[in-house]
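Spelled out, the chains give:
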Amino acid sequence: MEMSSKRFWEIDVFRGIAIVMMVIYHLSYDLYFLGNFQIKINSLSWVLFQRATASLFLLLVGISLTISHCRSKEKYPEKDLFFRNLKRGAKIFFWGAIITLFTFVFVNNGVILFGILHLIGISIIISYPLLEYRYKNLALGVLVILLGTYLSNFTFDTAYLLWLGFEPRSFFSFDYFPILPWYGVVLIGIFLGNSVYPNSQRRFEIPDFSSNLLSTALSFLGRHSLKIYLIHQPVIILLLYLWGFAKLSFIGI
């Protein structure tokens, strides 16, 4: 069976939706911390919104990994597949490291040591041996989530394992996604990818809304999700500073 290299438009749309959710959350977060807006960013509804956004992103990471792996193994030998996966994960982890450096230089508190890009980069690399399994990934994913949820009830005296989910006392970060439990969501995404898109073929029929204006816009966002992730926060912060400056100028200060 020949595998289609065409993108699944619905995956790009869902990734675009996740991007919109992320921008909404980060805008609200920045308005609360930088603009002194009375937004209850730590309320249950906002916490659930943030976790739903991250979960959607990570599920799509797992699904996309299975699709790209199925297509790549028809073109490249096994050794090349591993190094392509390694290169892809290392690239995303590198951008996570750049964000760590940026926040270390410019942020007094809340430095991002292991954020979602770090997690995605590591997840891509360590998932390589698991990409062709279904129910093993489901079981392992649930186990990782349960273990990480259990660990979140404790604090520890060391910071060396915070990437794994052992959170130190008094630790605070603007973006913290340790392997336990969040890698479990990626594993469930791999399960879904192998179940719903086996051999890079869609197992279900859906109406083709790919040419719809809304779908086209969301797909565009989804296809450029990494770039948008990297630039959206500096843009938001710049706009808030400009807004604050304009406000002060208006009142004559």
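For clarity, every value in this text was computed on a predicted model and none was experimentally measured. (Residues numbered from 1 in each chain as written. Predicted model: local features only at pLDDT ≥ 70, side-chain atom pairs only at ≥ 80, totals over all residues. Heavy atoms only, no water.)

### Concerning the overall build of the protein
Tallying secondary structure elements over the protein gives eight helices and zero strands in all. Along the protein, helices and strands appear, N-terminal first, in the series α-α-α-α-α-α-α-α. For the protein, the C-alpha radius of gyration of 20 Å lies close to 18 Å, the compact-globule estimate for 253 residues. The C-alpha extent of the protein, read off along each of the three principal axes, is 70 × 50 × 35 Å. Relative to its full complement of 253 residues, the protein shows a buried share of 41%. In the protein, 75% of the contacts between residues at least 6 apart in sequence involve partners at least 24 apart. (Helix = DSSP H or I, 4+ residues; strand = E, 2+ residues; numbered from the N terminus. Rg over C-alpha atoms; globule rule 2.2 N^0.38 Å. Buried < 20%, exposed > 50% of the residue type's maximum accessible area, 1.4 Å probe, protein only. Contact = heavy atoms within 4.5 Å.)

### Some thoughts on the environment of Ser28
By the secondary structure assignment, Ser28 is in helix α1 (residues 9–33). Note on Ser28: relative accessible area 9%, which makes it buried. Along the primary structure Ser28 and Ile39 are separated by 11 residues, whereas in three dimensions their C-alpha atoms are 7.1 Å apart. Setting aside residues no more than four positions away along its own chain, Ser28 makes contact with Ile39, Ile41 and Trp46. At 2.9 Å, the side chain of Ser28 and the backbone oxygen of Ile24 are in polar contact. (Polar contact = N/O pair within 3.5 Å; in protein donor to acceptor, adjacent residues only side chain to side chain.)

### Here we look at a positive patch on the surface
Together, Lys75, Arg84, Lys87, Lys91 and Lys227 line one region of the surface with positive charge. Sorting elements by how many residues they give to the positive patch places helix α3 (residues 78–106) first, with three residues. Considering the arrangement of structural elements, one finds Lys87 in helix α3. (Patch = residues over 30% accessible without salt bridge, like charges linked within 9 Å, V, L, I, M, F, W, Y side chains within 5 Å. Areas by Shrake-Rupley, 256 points an atom, 1.4 Å probe, with all protein chains shown as cover. Salt bridge = Lys/Arg side-chain N within 4 Å of Asp/Glu carboxyl O. Lys, Arg positive; Asp, Glu negative; His and termini not counted. Charge placed at Lys NZ, Arg CZ, Asp CG, Glu CD.)

### Observations concerning the side chain of Thr100
Structurally, the position occupied by Thr100 is in helix α3. Judged by its relative accessible area of 18%, Thr100 falls in the buried class. For Thr100, the side chain forms a polar contact with the side chain of His118, separated by 2.9 Å. Those residues within four positions of Thr100 in sequence are excluded, and the remaining contacts are Val111, Ile112, Leu113 and His118.

### Brief notes about the environment of Asp208
Inspection of the secondary structure puts Asp208 in the loop between α6 (179–196) and α7 (213–223). Counting along the chain gives 53 residues from Asp208 to Thr155, while the straight-line C-alpha distance between them is 49 Å.

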